[in-house]
Amino acid sequence: MNNRLIALIVAFLTLFTSFTAYADDEEEDKEKEEKVDYRPTINGTIRAKYEYQPEISKGRFQVRNARVSITGNVAKTVSYKAEIDLSDEGQIKMLDAFARWKPINNGSFTIGQMRVPFTIDAHRSPHQQYFANRSFIAKQVGNVRDVGATIGYTFDPAFPITLEAGIFNGSGLTNQKDFWSGQINFSAKAQFQFTDEINFVLSVQKIRPDSINIYMYDAGITWKWNNWTAEAEFLHKVYAGDSFNSVQSVNAFVNYDFMIRKKLLHKISALARFDYMGDHSDGTLNEQRQLYITDYERKRLTVGATFSIAKPFRADLRLNYENYFYNDGAQIQVSEQDKIVAEVMIRF
């Protein structure tokens, strides 16, 4: 077995056992112990939209997501989550399926299929997105889910810091049964909540979708003040052995909320986004066993408005216009062109 892999597994297990030992040493006050609710909680997200592309004078209806998730507790410190999407662009996909143990208040151990601790925008669930369509970082460049195990811990020396790290298959969700690897695939993320308004995130990830290692480095900052939200994120992607040119990707947006708080309308949000990605390979090899361009370089400017229906049920009407910019010679996919998008998002 690869020595580096052995070393990483030993380090991970050492950290895990230290984690366990620390948990065993904690004193429990049974008189103040909170009651555990073992009833499962069911949530769901439905996103239905209409897109029109002026360049080809054609449109389409689409159910982008129809997600259902079940979360709950089986013990005071043990919880679970199972989430399935009944219509992820028309396909059924199992998304989350993990068990989580919290032996201490600020720490957790998670094993299963999950969102990996990497990036800001790729880590958002569909109901948390600001725009109808995801950024290039979230959709093409940044990896989102995998199968593995993570350890997370939050502490507060001067401001809250959340650390998450894990080891994963590195192949994504679709190739688990026959995927055996001697490689070290990992992801790690650190969040620094400097103030109530400013959150800074650093993350790193290594994957191996085929036979070439890919390393990704991401940094981003989110600023919230009164009704304003602004965010900027940069991702750098490197392919081992100079097998493909490194890729840079940027996502930046600003959002302003006009609070209405009427019976049927909670707020109206005005927002704008700029995102960019260079010529990109998803890591799979062609017939010549070489990496190739799966997504051509592009820029995009998105403007729009979101109409949020009053709580307790969250319902958004998202209206966006996307303007794409390509270099000469780029192969443009039909769905990746200028478009007008009207989307209804329901979260229950």
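Residues numbered from 1 in each chain as written. Predicted model: local features only at pLDDT ≥ 70, side-chain atom pairs only at ≥ 80, totals over all residues. Heavy atoms only, no water.

Some words on the layout of surface pockets
If you roll a probe as big as a water molecule over the atoms, it shows you where there is empty space left. Keep this limit in mind: Points on a 1 Å grid, built from protein atoms alone, make a cavity when a 1.4 Å probe fits but cannot get out and make a pocket when they are open with protein on both sides within 12 Å along at least 5 of 7 lines; residues with an atom within 4 Å of a point are the lining residues. Grid points are joined across faces, edges and corners, and a volume is the space filled by probe spheres set on the points. Here a strand is any run of E in DSSP of at least two residues, a helix any run of H or I of at least four, and the numbering for each starts at the N terminus.
Quantified by volume, the second largest pocket comes out at close to 980 Å³. Contributing elements (two or more residues each) for the lining of the second largest pocket: strand E3 (78–88), strand E4 (91–104), strand E5 (107–115), strand E6 (145–155), strand E7 (161–168), strand E8 (186–193), strand E9 (198–207) and strand E10 (214–225). Here the element with the most residues in the lining of the second largest pocket is E6; it accounts for six residues.

A look at the nonpolar core
Keep this limit in mind: Each nonpolar core is a collection of buried residues, namely Ala, Val, Leu, Ile, Met, Phe, Trp, Tyr and Cys, held together in the definition by side-chain atoms within 4.5 Å. Think of it in three bands: with a 1.4 Å probe and only protein chains considered, a residue is buried below 20% of the maximum accessible area for its type, exposed above 50%, and partly exposed in between. Contacts: residue pairs with any heavy atoms within 4.5 Å of one another.
Phe118, Ile214, Met216, Leu235, Tyr239, Phe244 and Leu291 are the most contacted members of the largest nonpolar core, which has 21 residues in total. Looking at this core, the elements that each hand over two or more residues are helix H2 (136–141), E10, strand E11 (228–239) and strand E15 (314–326). Of all the elements, H2 adds the most residues to this core, at three residues. If sequence neighbours within four positions are ignored, Ile214 has contacts with Gln205, Lys206, Ile207, Pro209, Lys237, Val238, Tyr239, Asp282 and Gly283.

Side note on empty space enclosed by the protein
Formally: Just so you know the grouping, Ala, Val, Leu, Ile, Met, Phe, Trp, Tyr, Cys and Pro go in nonpolar, Asp, Glu, Lys and Arg go in charged, and all remaining residues, Gly too, go in polar.
Enumeration over the complete set of coordinates arrives at one cavity of 30 Å³ or more. Within this model, the largest cavity holds a volume of roughly 80 Å³. Around the largest cavity, the lining residues are Asp121, Arg124, Gln129, Tyr130, Phe131, Asn133, Arg134, Ser135, Asn251, Phe253 and Arg273. Tallied by class, the residues present in the lining of the largest cavity amount to three nonpolar, four polar and four charged.

Some words on the packing of aromatic side chains
Note the following rule: Ring geometry is summarised as follows: Phe, Tyr and Trp rings, the Trp one being its six-membered ring, pair when their centres sit within 6.5 Å, and such pairs are stacked at plane angles under 30 degrees, edge-to-face over 60 and tilted between the two.
Taken as a whole and assessed by the stated rule, the structure comprises 14 aromatic pairs. Ring centres of Phe131 and Phe253 lie 5.9 Å apart, and the angle between their planes is 80°; this geometry places the pair in the edge-to-face category. A residue pair is termed long-range when its members are at least 10 positions apart, and Phe131 in the loop between E5 and H2 and Phe253 in strand E12 (residues 247–259) qualify at 122 residues. Each member of the pair, Phe131 as well as Phe253, is classed as buried.

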